[in-house]
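If you want the building blocks of each chain, they are given just below.
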Amino acid sequence: MGKKNAPAKHRGPNDVDHYGALFCIPFVVTFLVFSVYPVLRTFVMSFTDYKGYGKADLVMLDNYTRALTDPLFWEAFVNTLKMWGINIVLQLGLALLLTVLFNDMKYRMKGLSLFRAIFYLPNLIACTSVAFLFKTLLDWQYGSVNQVLLKAGLISAPINWLGGSGATAQAVVGVVGAWMWFGNSFILLMAGVQGISRDYYEAATIDGAGRWKIFACITMPLLRPIMMYVAITSLIGGLQLFDIPYLISGTKGQPGRSLYTAVFYLFNMAFTNRQMGYAAAIAFVLFAIIAVCSFVAFRLMNQKED
Amino acid sequence: MKRIISLALAAVMCLSLAACGGSSSQAGGDNKLVVWTLAEDLKDFAAYYTEQTGVEVEVTVIAPADYPTKINTTLGSRNGDVDVIVGEPQMLADFYDAGFFADLSEFDAQASEKLVDYVYEAGKDEDGVLRALSYQVTPGSVIYRRDLAKEVFGTDDPAAISEKFSTFGAIRQTAAELDAAGYSIFGDTGSLRWFANADAPWVQDGTLQMTDSRLNYLDAAVDLYQNEYVAFAPEWSAAWYASMAGSLPVNAGWAALDELDANAPTTQIFSYVMPSWGAVIIRDNAEENKGNFGVAKGVCSFFGGGTFIGVNEFSKNQEEAKKFVEFCTLNEDVAQWWLEKSDGDVVAIESVLEANKDYENTSFGNQKTYEFFANEAAAVDYSLVTRYDTAIGDAFGQAIEAVQKGEKDKETALNDFYQEVKAVYPEIKTPID
């Protein structure tokens, strides 16, 4: 009697070995068709002069050379960084302030769940609605913001928030972004703070440390990984900023070209100027920049943790 | 039980998927023609064609902003379900390059003989092959208020008013005179954009043409804006429409009429620079001012818009489709029918325009508007139009706006404009190269 004389394994009707693969097929097919294929097709398109119709001639690396030497693309990229910079400072600053308030052992503020939900609400509103809301509120002739400020005597003439200086318009977009995302950051920071052991705070309090000393020496260092995570994910999203500046500027990037972001520029190249090949190259240049930024940020984060 | 419910749900899903397809029109069956257009006009032409020939025509009207995408997507896959397609002039070059419009050379002789020159030229691709025809011409004019002209200039004669708009310098002078009398020359400075191609195309022999005329246009636009010679009511705004019937508040912008301050200072707009279809808009919004307008010439003859009809290269019903196109664009009786039915549209067949040239338009002070528009259409120089006009025109408009608002000085704005042209069309030589 040996293994070679053992009867062949009988596969019954309830054998689930193959079902796993079968259930994966719909997702895999959808992923290949709607995610992988478009990316590959775009990559191939980036080496041609395709206009969205007709035939496409191969131009090899001309589109990439053009993107790397295009002053308007880099101007749009710098605009993106400016708007993201204002956004992340306000977003993280406000989220951190609220986190400290709600986590304060002395005040013991109530209603955390309710406030968490309220702060997160702006994130649930569609970007289109947000853009039109702020465009209406900030209209320099009839907007509510100017009306309130005038009535309160804080300004003597309406401020042209979105049509005057480019820096003001960029600041507005940054503030709108912070308003939309600070709730999300608050939730993440609160989760991070609640993961810090209470023993540290009690020991510090016993040792006579004040509120700000505790914040600087315990809360901030231990929150750094979460803050880095928020900053990195915000950077990845921020470099793809498009909808708010596109809609709030009336699709023209005005005033001047101050609200022109890198993706806005890509969109115009592809769908207004019908230069699909060049737009595809811009997309991959952006992808490379985001990938490098993410890699560097993650390395820094891991080093700090070590 | 679970298996029965699963099977039933799967069957419902399959049925819903089946219902998604098969509802689009099928061309060619029973000689039915399928037309995709961006203007309501072709519905009337289709009904008349069916009445005359018995051939059924199904017309789908697509919003102009969506039309190029729809055509590119559908015809890009060589779909033959559509028989007749259209395009506005700025779309035609791209459509010709894409191979969407079939060859209409069999109508070449008729078209060159019957149609206004620029319509015939616009219908040809860069190899000179005829691919589209139009039933209308859309020459431009300065549509002015006769009563205000008499008050300020002492005359409402079209020839005299034409002199007042003959150059950009004359326009600045006219604007100052009107402002002194309490009126605004235009709704906004965008009215001047129609004269951007006064003396040269934007691009010639691969080089951007920044002519003296274009620099004068920029100076005039800045002057009119900064001296507040315009009403700051953008074209298509509620206040702009309302101005055709009388006065409007200054600086109304895009606000709805009920949002405007009733105590704000008011003005009246003296003139509107628009293609011939604009005359219809003014007629329809003039209310008590109907009959109080006239048409005059501007800095140059121009045209704007217009529906050009062609046959889908991939249609399985090309013969019938070509008959429809010929019916709409090269038939004198149909042109006369359309002229009367539309009550204002200017047809493209020269003999019909000539036959109606003595028509006195009561909406325009009994002026012979067909004669005027026929002459203007004949004077349009189509060689001044290029495929770069839309993108370069928009970029130039943004440069002008930056100078108007004091965001940039003229030199910086022009340099930025050249950079933008270079970024979009690296093959074009600009003054900064």
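Residues numbered from 1 in each chain as written. Chains lettered and ligands numbered in written order. Predicted model: local features only at pLDDT ≥ 70, side-chain atom pairs only at ≥ 80, totals over all residues. Heavy atoms only, no water.

Participant: Even after reading the chapter, I still don't get the pattern of salt bridges, so can you show me in this structure?
Facilitator: Close approach of charged atoms allows side chains with opposite charge to pair. All names here are of chain B. One pass over the full model with this rule turns up 23 salt bridges over all chains. Linking lysine 164 and glutamate 177 is a salt bridge whose minimum nitrogen-to-oxygen distance equals 3.8 Å. You can see lysine 164 sitting in helix α8 (residues 158-164) and its partner glutamate 177 sitting in helix α9 (residues 168-180), a full 13 residues away along the chain. Judged by its relative accessible area of 24%, lysine 164 falls in the partly exposed class. What makes glutamate 177 partly exposed here is its relative accessible area of 26%. Lysine 357 is the salt-bridge partner of glutamate 354, the closest N and O atoms lying 3.0 Å from each other. (Salt bridge = Lys/Arg side-chain N within 4 Å of Asp/Glu carboxyl O. Helix = DSSP H or I, 4+ residues; strand = E, 2+ residues; numbered from the N terminus. Buried < 20%, exposed > 50% of the residue type's maximum accessible area, 1.4 Å probe, protein only.)

Participant: Sorry, what's going on with the confidence of the model for chain B here?
Facilitator: Predicted coordinates in areas of low pLDDT are best not read in detail. All names here are of chain B. When the pLDDT values of chain B are averaged, the result is 90; 96% of them are 70 or greater. Segment residues 21-29 is flagged for pLDDT under 50; beyond a separation of four residues in sequence, or across chains, it makes 14 contacts in the model. Interface confidence for the predicted complex, given as ipTM, is 0.74, next to a pTM of 0.81. (pLDDT = per-residue confidence, 0-100. Contact = heavy atoms within 4.5 Å.)

Participant: What am I meant to see in unusual backbone geometry here?
Facilitator: Peptide bonds are mostly trans, and most non-glycine residues show a negative phi. Here the residue pair glutamine 254 of chain A and proline 255 of chain A is connected by a cis peptide bond, since its omega of 15° sits within 30 degrees of zero. Considering the arrangement of structural elements, one finds proline 255 of chain A in the loop between α10 (243-248) and α11 (262-272). At phenylalanine 232 of chain B, a residue that is not glycine, the phi angle is positive and equals roughly 55°. You can call phenylalanine 232 of chain B buried: its relative accessible area is 17%. Here asparagine 366 of chain B, not a glycine, exhibits a phi torsion of approximately 60°, which is positive. With respect to the helices and strands, asparagine 366 of chain B occurs in the loop between α15 (350-355) and α16 (369-379).

Participant: It is not clear to me how the packing of aromatic side chains should be interpreted in this structure. Could you clarify?
Facilitator: Two aromatic rings, taken as a pair, are described by how far apart their centres are and by the angle between their planes. According to the stated counting rule, one finds 61 aromatic pairs over all chains in the structure shown. Taking the centre distance of 5.1 Å and the plane angle of 40° together, the rings of phenylalanine 242 of chain A and phenylalanine 267 of chain A count as tilted. Taken as a pair, phenylalanine 242 of chain A in the loop between α9 (211-238) and α10 and phenylalanine 267 of chain A in helix α11 lie far apart in primary sequence, 25 residues in all. Summarising the aromatic geometry, the rings of phenylalanine 267 of chain A and phenylalanine 271 of chain A are spaced 5.2 Å apart at their centres and angled 50° between planes, so their arrangement reads as tilted. Separated by four residues within a single helix, phenylalanine 267 of chain A and phenylalanine 271 of chain A lie in helix α11, roughly one turn from each other. Take phenylalanine 267 of chain A: its relative accessible area is 24%, and that puts it in the partly exposed class. One aromatic cluster is present, formed by Phe73, Trp74, Phe77, Phe242, Tyr246, Tyr260, Phe264, Tyr265, Phe267 and Phe271 of chain A through successive ring pairs. Here the basic side chain of lysine 70 of chain B rests over the ring of tryptophan 36 of chain B, its NZ or CZ set 5.3 Å away from the ring centre. (Phe/Tyr/Trp six-rings, centres within 6.5 Å; stacked < 30°, edge-to-face > 60°. Lys NZ or Arg CZ within 6 Å of the ring centre and 35° of its normal.)

Participant: Looking at this structure, how should I read the interface of chain A and chain B?
Facilitator: Taken together, the contact pairs 19 residues of chain A with 23 residues of chain B. Buried area between chain A and chain B, summed over both chains or domains, comes out near 1700 Å², and the portion from carbon and sulfur atoms is 44%. For the chain A face of the interface with chain B, the top three residues by lost area are Tyr53, Tyr142 and Arg257 of chain A, together amounting to 33%. The interface formed by chain A and chain B holds one salt bridge in total. Between arginine 257 of chain A and glutamate 420 of chain B there is a salt bridge, with the nearest N and O atoms lying 2.8 Å from each other. Along the contact surface separating chain A from chain B lie five residue pairs in polar contact (both at pLDDT 80 or more). Grouping the amino acids of the side of chain A that touches chain B by side-chain chemistry returns six nonpolar, eight polar and five charged. (Buried area = accessible area lost by both parts, 1.4 Å probe. Polar contact = N/O pair within 3.5 Å; in protein donor to acceptor, adjacent residues only side chain to side chain. Nonpolar A, V, L, I, M, F, W, Y, C, P; charged D, E, K, R; others polar.)

Participant: Where do I start with the domain arrangement of chain B in this structure?
Facilitator: Residue and element names in this part refer to chain B. Annotation of chain B at the domain level lists domain 1 (31-138 + 304-356) and domain 2 (142-300 + 383-424). Contact with domain 1, which involves twelve residues of that partner, is made by eight residues of domain 2. Here domain 1 packs against domain 2, burying approximately 650 Å² in sum over the two surfaces, 45% of which is carbon and sulfur. Contact with domain 2 buries area across many residues of domain 1, yet Thr138, Gly304 and Asp343 alone supply 45% of it, more than any other trio. Our count for the contact surface shared by domain 1 and domain 2 stands at two salt bridges. (Domains from an automatic or database assignment.)

Participant: Whenever I open this one, the sheet that holds strand β11 (residues 293-296) of chain B confuses me. Can you help?
Facilitator: Strands belonging to one sheet form pairs held by backbone hydrogen bonds; the direction of such a pair is parallel or antiparallel. Residues and elements named next belong to chain B. One open sheet accounts for three strands, arranged β10-β5-β11; its pairing is antiparallel. Bordering the open sheet on either side are β10 (271-275) and β11, each of which pairs with just one other strand. Ignoring strand direction, the axes of neighbouring strands in this sheet form an average angle of 30°. Sheet topology note: the strand β5 (residues 140-145)/β10 ladder contains five bridges and is antiparallel. Along β10, the bridge assignment pairs valine 142 with valine 273. (Pairing = 2+ DSSP bridges. Axes fitted to C-alpha atoms, helices over the stretch in contact; angles between N-to-C directions.)

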